[in-house]
Every structure is written in C-alpha cells, then in structure tokens.
Amino acid sequence: ESGPGSDEMAGFGGGFGGYTKSNTAARRVVPTEQQAENRQRIKVVYVVLESQYQSSMSAAVRQINKSSTGLCVECVGYLLEEIRDQQILKELQAD
C-alpha cells in the first residue's frame, strides 16, 4: 500500500537509504586468505542510523586488513531502519 499514511510515505519502506533490501552480503567486508594468514581475526557486527557511517566503517576495516598489523577484521553493518524487516533481523542475530 502506498499513499498518505503508508510506511513508504513515512520513510519506513523502500530502499533503506540507498541499499537494496536484505543485501547485507554486499556490505560485508571479509579479509582475504592472504590478509588473514598468521593474524588474529575479529568480527564486528554493528547497527548504524545512517548509511554514511556504514561506508566509513567498511573503509576503515578494509584499511586495517591491508595493513601489516597482527589482526584482520570481518565486519557487517545494518541500518537501523532495515532491521524492522524480520528476515534482516534474523540475519543480524545470526551474525
């Protein structure tokens, strides 16, 4: 349903701030086998209010994984508004 008073009109449905619905795999950052070799691996799962925060986090994690530090990072971010979808909420819980 669309029109006045619908979730889509109120900003609660649709494109999730530019992301395709339930496309967390596209936003997941995973170190390559080479990056993970002989390094401590951590996983970060987070929820953000706006997509630019997710973009900044992904860029930072990619930089860490390219560095020669003793650790590598896997991360996946979710937008607060998208976890209203039960399938995406289940993905978050699994992560």
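Just above, that's the structure.
Calculation criteria
Residues numbered from 1 in each chain as written. Predicted model: local features only at pLDDT ≥ 70, side-chain atom pairs only at ≥ 80, totals over all residues. Heavy atoms only, no water. Core = buried A, V, L, I, M, F, W, Y, C linked by side-chain atoms within 4.5 Å. Buried < 20%, exposed > 50% of the residue type's maximum accessible area, 1.4 Å probe, protein only. Helix = DSSP H or I, 4+ residues; strand = E, 2+ residues; numbered from the N terminus. Pairing = 2+ DSSP bridges. Right-handed = clockwise from strand over helix to strand, strands pointing away. Salt bridge = Lys/Arg side-chain N within 4 Å of Asp/Glu carboxyl O.

Quick notes on the nonpolar core
Piece 1. The biggest cluster of nonpolar side chains holds seven residues, and these are V29, Y46, V48, V61, V73, C75 and L79.
Piece 2. For this core, the elements supplying multiple residues, two or more each, are strand 1 (40-48) and strand 2 (71-79).
Piece 3. Core analysis: the second largest hydrophobic core is formed by five residues, V76, Y78, I83 and I88 among them.

A word on the pairing of strand 1
Piece 1. In terms of strand pairing, strand 1 meets strand 2 through nine bridges, oriented parallel. Bridged to V44 within strand 2 is C75.
Piece 2. Each parallel crossover has a hand, and for strand 1 linked through helix 4 (residues 51-66) to strand 2 it is right-handed.

What to know about the pattern of salt bridges
Piece 1. Counted according to the given criterion, the structure contains five salt bridges.
Piece 2. A salt bridge links R41 to E74; the nearest nitrogen and oxygen atoms lie 3.2 Å apart. Here the residue R41 occupies a position in strand 1, and E74 occupies one in strand 2, the gap between them amounting to 33 residues.
Piece 3. Using a relative accessible area of 13% as the deciding quantity, one classes E74 as buried.
Piece 4. Each of R28, R41, K43, E74 and D95 takes part in one network of salt bridges that share partners.

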